Each structure stands twice: as C-alpha cells, then as structure tokens.
Amino acid sequence: MKTNFSIIVQFTLLLCVALCAVPGGISAQESKIIATPHNLSVTGSGNIKATVEQEICVFCHLPHNSLIAQPLWSHVTPDGPFVTYSSSTLEGTPETPGGTSRLCLSCHDGSVAVGDIVGERITLQGVNADGTIPSGPFNLSYDLSDDHPISILLDPAIPGIIPPTPPIKLDADGR
C-alpha cells in the first residue's frame, strides 16, 4: 500500500508535467530564445521589447492551428530591391536574399515594423515611431553591400570552398 506522501509526490509530478504541456508553459523552442535579444516579450532583456505582450514566439510565428500555410511566419517578407554584398576577394555571387535570409530581413531590413504581426500590431519600446528597428548594426536596410554576405550557395566546385563536415543546412535551399 502506497503512503500518502508517495501519492502526493506522484500527483505533484503529474501536475507539473501537465502544466508544462499546456499553452502558457515554456516550450523547448521558447527556452532557446528567452535569454537572447529575439525575446521581444515583456520579459526580454534587450533594448527592444513589448510593453505588455508576454508570449515569446508570437513575434515571429503564427499559432500552429492557424489557417495560413507553412511556414508559420507572422511577418510580411520584404521584396527589396536589395543591394548585395560585393568584394574583390569574394568567389561567388550573392543572390537576392531568399529563404531564411528573407525571414530575418523581415525585421532587420528596417522596412517592416517589428511588432506588425499577422492580424495585429504589438506595441514595443525601443523602436522608431513607425515600429522599425532604429538605425545601427541591427538595421541592415536594403543595402547589404557592407554586411556579411547572405544567400550565397556554397558550391564546392568553386576553388577554395571546403565543404563543411557535417554539412551545414542553413535553409531548404542550402543557403
């Protein structure tokens, strides 16, 4: 026969597991974002954060039961035109940003208000009056000519390109 203490411990553990699995509990993905500047919720530690929004993932992603097709991205993606990186030492040609690079630019190109997510606008502190990221190293603009090159296909046929081991998959297009 189980003791009352054993039953209480088992019930408490079961309750903790249930609470972590319901909305409002912290997911594994959220735990990776909490201590980064990409946590734009009121709990964020960066200069840009919400005034009241407590959800962490809502700034980039839509709820998984939404009617919008994959990927569950909540921002308008910018069209450019982008000025790509160039250098006399660059062996390869950067393409117009696409894939994951364009998702990053949906906040970091300075054209879209960071709090403008599908269906609403979340009020943030630390942004410009129009909601965009202030000028500085995190606001890349459409001119990427002086930034680290993005959207470059790492072609092992190009001399000097050593294929990484294991392969690095940046996005579905290999960029």
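Structure: see above.
Treat the numbers as computed from the prediction; the structure is a model and nothing was measured.

Conventions adopted
Residues numbered from 1 in each chain as written. Predicted model: local features only at pLDDT ≥ 70, side-chain atom pairs only at ≥ 80, totals over all residues. Heavy atoms only, no water. Helix = DSSP H or I, 4+ residues; strand = E, 2+ residues; numbered from the N terminus. Buried < 20%, exposed > 50% of the residue type's maximum accessible area, 1.4 Å probe, protein only. Contact = heavy atoms within 4.5 Å. Areas by Shrake-Rupley, 256 points an atom, 1.4 Å probe, with all protein chains shown as cover. Salt bridge = Lys/Arg side-chain N within 4 Å of Asp/Glu carboxyl O. Phe/Tyr/Trp six-rings, centres within 6.5 Å; stacked < 30°, edge-to-face > 60°. Core = buried A, V, L, I, M, F, W, Y, C linked by side-chain atoms within 4.5 Å. Lys, Arg positive; Asp, Glu negative; His and termini not counted.

Trainee: Can you walk me through the overall build of the protein chain in this structure?
Mentor: The number of helices and strands found in the protein chain is three helices and four strands. Evaluated residue by residue, the protein chain yields a buried proportion of 26% over its 175 residues. Across the protein chain, every contact between residues at least 6 apart in sequence was considered, and the portion connecting residues at least 24 apart equals 56%. Taken as a whole, the protein chain presents about 11,900 Å² of accessible surface, with 63% of it coming from carbon and sulfur.

Trainee: What is the right way to read the pattern of salt bridges from this model?
Mentor: It is possible for side chains of opposite charge to pair when their charged atoms get near one another. Counted according to the given criterion, the structure contains one salt bridge. Across the pair Asp-116 and Arg-121 runs a salt bridge, and its minimum N-O distance is 2.5 Å.

Trainee: Hey, could you run me through the packing of aromatic side chains in this one?
Mentor: Applying the stated criterion across every chain, the model contains one aromatic pair. Pairing Phe-82 with Tyr-142 gives two aromatic rings, centres 5.0 Å apart and planes at 75 degrees, and the pair type is edge-to-face. In this pair, Phe-82 sits in the loop between strand E1 (49-50) and helix H3 (99-108) while Tyr-142 sits in the segment after strand E4 (124-125), placing the two residues 60 residues apart along the sequence.

Trainee: What is the right way to read the environment of Ile-122 from this model?
Mentor: Tracing the backbone through its elements, the reader meets Ile-122 in the loop between strand E3 (120-121) and E4. A relative accessible area of 7% means that Ile-122 is categorised as buried. Along the chain, Ile-122 and Ala-50 lie 72 residues apart, while their C-alpha atoms are 6.9 Å from each other. Beyond its immediate stretch of four places on either side in the chain, Ile-122 contacts Ala-50, Glu-53, Val-58, Phe-59, Gly-115 and Ile-117.

Trainee: Explain the nonpolar core to me, please; I cannot follow it from the model alone.
Mentor: Leu-40, Ile-48, Ala-50, Val-58, Phe-59, Cys-107, Val-114, Ile-117, Ile-122, Leu-124 and Ile-133 together form the largest nonpolar core, which totals eleven residues. For Ala-50, the contacting residues outside a window of four places in its chain are Leu-40, Ser-41, Val-42, Phe-59, Ile-122, Thr-123 and Leu-124.

Trainee: What should I look at first to understand unusual backbone geometry in this one?
Mentor: Trans is the prevailing form of peptide bonds, just as negative phi is the prevailing case for residues other than glycine. Note the cis peptide between Gly-80 and Pro-81, where omega equals 15 degrees. Within the fold, Pro-81 resides in the loop between E1 and H3. Within the chain, Ser-141 stands out as a residue other than glycine whose phi angle is a positive 65 degrees. Its location among the elements puts Ser-141 in the segment after E4. Ser-141 gets classed as partly exposed once you look at its relative accessible area, which sits at 28%.

Trainee: What is the right way to read the side chain of Asp-109 from this model?
Mentor: Summarising the element assignment, Asp-109 is placed in the loop between H3 and strand E2 (116-117). Despite its burial, Asp-109 pairs with no opposite charge, the nearest such side chain being Arg-102 at 8.0 Å. For Asp-109, the residues in contact, after removing those within four places along its chain, are Pro-78, Phe-82, Asn-139, Ser-141 and Tyr-142.

Trainee: Can you help me understand the environment of Tyr-142 in this one?
Mentor: Using a relative accessible area of 27% as the deciding quantity, one classes Tyr-142 as partly exposed. Along the backbone, Tyr-142 and Leu-105 are 37 residues apart, and their C-alpha atoms lie at a distance of 8.8 Å. Apart from residues lying up to four places away in sequence, Tyr-142 is in contact with Pro-78, Gly-80, Pro-81, Phe-82, Val-83, Asp-109 and Ser-111.

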